[in-house]
Amino acid sequence: MTRIIFCGLMLLILSSGCASSDRMVRMSGGILDEYSAPKSSRIRSEKYQKISRELASSTRSNKIRVAGLDDTLINIWPFFFRSNDYWTVMWPLVDKDPYGFAFRPFYNQEGDDYSILFPLTAWNTAAGHGWVTLFGWNRNGFGMVPLTWQWKEKYSGGAYYTPLFIYAYDDEPLHYKPYTGNNGWVITDRKWGCDAVSRFAFFTYYGKHIRKEMGEYTWLFNGNYNWETTKNVWNYRFNGKIPYPDSELAYRQYAAKVFESLPVITRKSYGLLPFWYGSFADDGSSRNRFMLLAGNEKRGDKYFAFDILGDAVAGYEREEEDFISDRRYKSQTSFTSWLLLSHFEKKMRYLSGGDWDKFDRLYSLCSSSGTFSQDKPAIMDALKALDPSLKSPDTVVDHRTLRLYVDELSKNYRFPVTPEYSGRILPLVWYDRKKDRSWCVLPVLLTWWDRDERRNVANFTSLPLLTWLERSPREDKTVVMTPLVYYAKEKHRERSNYPILPRREHAAGEYNCVEIRDRYAACGLFYRGRFGFNVAKEGVDAKLVDKLRVELQNLHIVYRQLENEAQQIAGERTLNDRWQVTSEIERLKKLIRYEELKIRLGKLLEKRVKYRKDVENAMKDAQLAGFPVRPEAFEKQEAAEKALAELMEKYTELRFYEDIGSGLFFNKKKYYNGDYNWHFLHILAGGEKRNERESQHILHLLYRYRKEGQRSETIIFPFISSVQDGEDSKVSFLWRVFSLSKRNGKTGGYIFFIPFGETE
C-alpha cells in the first residue's frame, strides 16, 4: 500500500507538471510551425473539447489551420504577430490562442491547466487537482507531499503520516455484476478485495483480504463467451439442462448469480515488525515469518514448508498432489541446506503399468494436435481398453471436455505408488534409491556403486583403490586396476548370436568368443584366459550352418515387423473410416490419408514378397544341411529360439583355447589338441606346435629346434648341430672337428677329422 501511495503522488505531480509546463516552454506557436490542440488531460471541460472539434482538420489529422492563409495575418515579429486566433507580443513573452494565455515566466494557462511561477503553483480546474509548493490536492484527498496524505473514495480511503503511520482500507464488496451503459453493455467484475488494512503503525500491521473460491466454476469467469470451447464446457458441465445463453449479457448475468453463491475465503494478516508476521485463511492455509529470518507456510493438508533464511540454513517442503496427467509423482518431501551443502528428497512415484498407462494414453489424446473428430476413434479404443463398458458422454465434443471427463473418471481409481529416495551431502555422499535400482557416490573417495535389481546387475568402482567389481548373470568380474591384480571369473554370451567357425580353426578373436573364463593379470606382466568359441562338428559345412543360424535369427523379426506394420496400417484405416468429418477441409484430409495409406500398403507388399523369397532360400539351406525346420520357425520367436537351440546342439560344439602372457613381452596360446605357439619379446625367442610339427628358436639363429614326427634337429650357432630320427642320431661340433653318430645300432664319428668306429 505504501508503494501505491508513493506512485500515486508521483503520478499526480508529473501529470500536473507536464500539463502546466507544456505551454510555458513552447516557443514556436503559430509562427514557426503548425501546432496541435493540447492533450486531453488539459482540456477536460466541455468548453475546450468543443473548440477542439471545431478546429480539427479532417485532412491534416487534428492539426489546426496553418498560419498566414487568411487576412488575419499581421507580422511585426518579434514585437507583434497574429495569425487567425493566435497572437503574440514581444514573442515569446506574451501569447494567446483559443486554448489559453501565457505571460512568461509568471503566468500560464492552457485548457483547464493553470500555473503561477511554475512549478511553485499549478492546478487543473476540471480535474480538481493541483499543488502550491508542498501542499497538494485532488478530488479524493489532500496532503503535504511527501510528508502526509489522506484520501477517501467510494469504497476506499486512508491516511499517510510519515514516518509513523500508514492506514488504508478498501471495503468494496465482492461482486460480478453486469450493467448497461450509454454505449451498450459493459461488464465489471471484482473477485477479491481488501478491508481495513494498516501498516507501519508503530511497527504493527493488520490486514484482511477476501476472495471468492471459484473452484470448478473457474472456466465460467475466465472463459470468453464467443469461444467455442466455453460453449462446449458449458454443455458438458450442465449436461444440456441449462441451454447456452443467447447473448453475452445473459451469460454474464448467469455468472453473476453463480458468483453470489460461491464461498468466500477470508485471509487475515498480523504483524509486529520486524519481529513477526503472520497470515491465516479460512481454507486452512497460513504463513508465518519470524525476525525476517525463519518462517513456515501451510496450504490445507496438501502443502507444508518451513525455512531458516530460505534454504541457506535449512528448508523443508512437503507437497501432495491429486492425479495430474503431466505429473508422475503423487507427493514429494524435500530438505535443503546450503550451509550443510545438503539436499534430501523423497518422492512417491506412480507405478507404470495397468490403469496408469491407460490413463496416460487418454491424457495424451487430451492434448492431441489433431482434430477431435479424427482422434475420436482412438479415444473410444482407449476408453474400452480401460473398461469395455466405458463410453464418453455426448457432451464430450472437443479435447477440453475430454480432459474434464478423464479428470472426473480418474477419481474412481487408486493408482499404486512406490517411494524414491535421493540425497546428497557434498562433498561426502550422493545417493539415489528407486523401486528396482539404487546407486551411491562418495565424491571425496572417488568411489561409487550401482545396483539394478531388475537386471540383477551390481557394480562397484573405487578410483583410489583402482578397483572395479561387476556382478551379473552373464559376467563375474573383479578388477584391481593396479600393477598387481586383475581377475575376471567368467563371462557368457548367447551362443546363437556368434558365428560358427570351420573345424580347422584353433582360436577365435575375443569378440567372437561365447565364453571367457579365468582372466587375470599379475604385476602387469602376466595374463591368462580360457576362451570358448563355436565350431562346426565333424563333417558339417560351417558356412552353410552359420548362414542358416543368421536366417533363423533374423527372419522371424522381419515377419513381426511386417505384421506390426500391417496392423498399424489397418488400424489407421479403421480410424480413418470412423472419422466423422465436419467440414470440407477435413473431408479432403481424409482422402489424402487414404492415399498415404495406399502407398504404404504397396511398399508393404513389396517387403512381403522379398520376405517370402528369403524364407524359401532359408528352407533350401536347411534341406541342404539336413536340418528339418518348419516354416513357423521363421515367423514366431518361440519357434525360432527352439530351432536355433537345436541347430547349435546338433551341428556345433564349443572349442576352448588358453592365452597366457602379457601380449607385449611374453605370450603363449595353448589349443584344445595340445598345439601351441609362444613368443618372448616377439623376435627374441619363440616357438610353436601344430599337429606333429614343432619348433623353437632364440633370435632365430642363435638356437633353433625343429621336429616333425620322429625326426628332430637342433642348431646352436655357430658351431653345434644335432639331428635325431628315431633311434638314430648325430651330433657335430665344427663339422668333423668332433662328430658322433649312431645309426642302425652302430656308433662312429670324427675327432679332428680322424674317423673312428663305423662312419658313413
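Preceding this section is the structure that the text describes.
Residues numbered from 1 in each chain as written. Predicted model: local features only at pLDDT ≥ 70, side-chain atom pairs only at ≥ 80, totals over all residues. Heavy atoms only, no water.

(A) The arrangement of the overall build of the protein in detail. Secondary structure assignment for the protein yields 11 helices and 48 strands. Residues counted as buried form 36% of the 760 residues belonging to the protein. Expressed as a percentage of contacts within the protein between residues at least 6 apart in sequence, the contacts between residues at least 24 apart total 40%. Summed over all atoms, the accessible surface of the protein reaches about 44900 Å², with 58% contributed by carbon and sulfur. (Helix = DSSP H or I, 4+ residues; strand = E, 2+ residues; numbered from the N terminus. Buried < 20%, exposed > 50% of the residue type's maximum accessible area, 1.4 Å probe, protein only. Contact = heavy atoms within 4.5 Å. Areas by Shrake-Rupley, 256 points an atom, 1.4 Å probe, with all protein chains shown as cover.)

(B) View of a nonpolar patch on the surface. Together, I74, I76, F79, V89, M90, L93, F103, F106, I116, L117 and L120 give the surface a local cluster of nonpolar side chains, amounting to about 960 Å² of exposed area. Along the polypeptide, I116 turns up in strand β7 (residues 113-116). (Patch = residues over 30% accessible without salt bridge, like charges linked within 9 Å, V, L, I, M, F, W, Y side chains within 5 Å. Salt bridge = Lys/Arg side-chain N within 4 Å of Asp/Glu carboxyl O.)

(C) Structural context of the nonpolar core. In this structure, L220, F221, F359, Y405, V406 and L409 are the most contacted members of the largest nonpolar core, which totals 41 residues. Taken together, the elements giving at least two residues each to this core come down to α3 (218-222), α4 (228-238), α5 (248-261), α6 (355-366), α7 (372-386) and α8 (399-410). (Core = buried A, V, L, I, M, F, W, Y, C linked by side-chain atoms within 4.5 Å.)

(D) Representation of the environment of Q568 within the structure. Summarising the element assignment, Q568 is placed in helix α9 (residues 542-578). When its relative accessible area of 42% is taken as the criterion, Q568 is described as partly exposed.

(E) Local environment of the pattern of salt bridges. Under the definition given, this model contains 32 salt bridges. Note that E420 and R349 form a salt bridge whose closest N and O atoms lie 3.7 Å from each other. Residue E420 is located in strand β27 (residues 417-425), and its partner R349 is located in strand β26 (residues 342-350); the two are separated by 71 residues in the primary sequence. Look at E420 and you get buried, because its relative accessible area is 11%.

(F) Just the packing of aromatic side chains, in detail. Counted under the stated rule, the structure contains 38 aromatic pairs. Between Y205 and Y277, the ring centres sit 5.9 Å apart and the planes meet at 55°, which makes this aromatic pair tilted. Here Y277 lies in strand β20 (residues 276-281) and Y205 lies in strand β18 (residues 204-212), a separation of 72 residues in the sequence. Y205 sits in the buried class, given a relative accessible area of 16%. When the centroid spacing of 5.4 Å and the interplanar angle of 90° are considered together, the rings of F359 and F415 count as edge-to-face. Here F359 is found in helix α6, whereas its partner F415 is found in the loop between α8 and β27, with 56 residues between them in sequence. Across the pair, F415 and F359 agree in class, each one buried. An aromatic cluster of at least three residues, connected via ring pairs, comprises W219, Y225, W234, F238, Y244, Y251 and Y254. (Phe/Tyr/Trp six-rings, centres within 6.5 Å; stacked < 30°, edge-to-face > 60°.)

(G) Here's a closer look at helix α10 (residues 584-625). Given a rise of 1.5 Å per residue, 42 residues ought to cover 62 Å, and the 62 Å separating the end C-alpha atoms of α10 matches this to within 8%. Of all the positions in α10, only E586, K590, Y594, L597, L604, Y611, V615, A618, D621, A622 and A625 are classed as buried. Contacts from the buried residues of α10 go to α7, α9 and α11 (637-651). Two residues or fewer past α10, G626 is found with a positive phi of approximately 70°. (Expected span 1.5 Å × (residues − 1).)

(H) A look at the packing of α4 against α8. Remark: α4 packs on α8, axes separated minimally by 9 Å, with the N-to-C direction vectors making an angle of 35°. α8 is crossed by α4, and the crossing has right-handed handedness. Taken together, the residues of α8 that come into contact with α4 (itself represented by T229, N232, V233, Y236 and R237) are R400, T401, L404, Y405 and E408. (Axes fitted to C-alpha atoms, helices over the stretch in contact; angles between N-to-C directions. Left-handed = near helix turned anticlockwise from the far one by under 90°.)

(I) Spotlight on the environment of F717. Here F717 is to be found in the loop between β43 (711-716) and β44 (720-725). Judged by its relative accessible area of 37%, F717 falls in the partly exposed class. Put simply, F717 and Y703 are 14 residues apart on the chain and 6.4 Å apart in space, counted from C-alpha to C-alpha. Contacts of F717, omitting those with residues within four sequence positions, involve L701 and L702.

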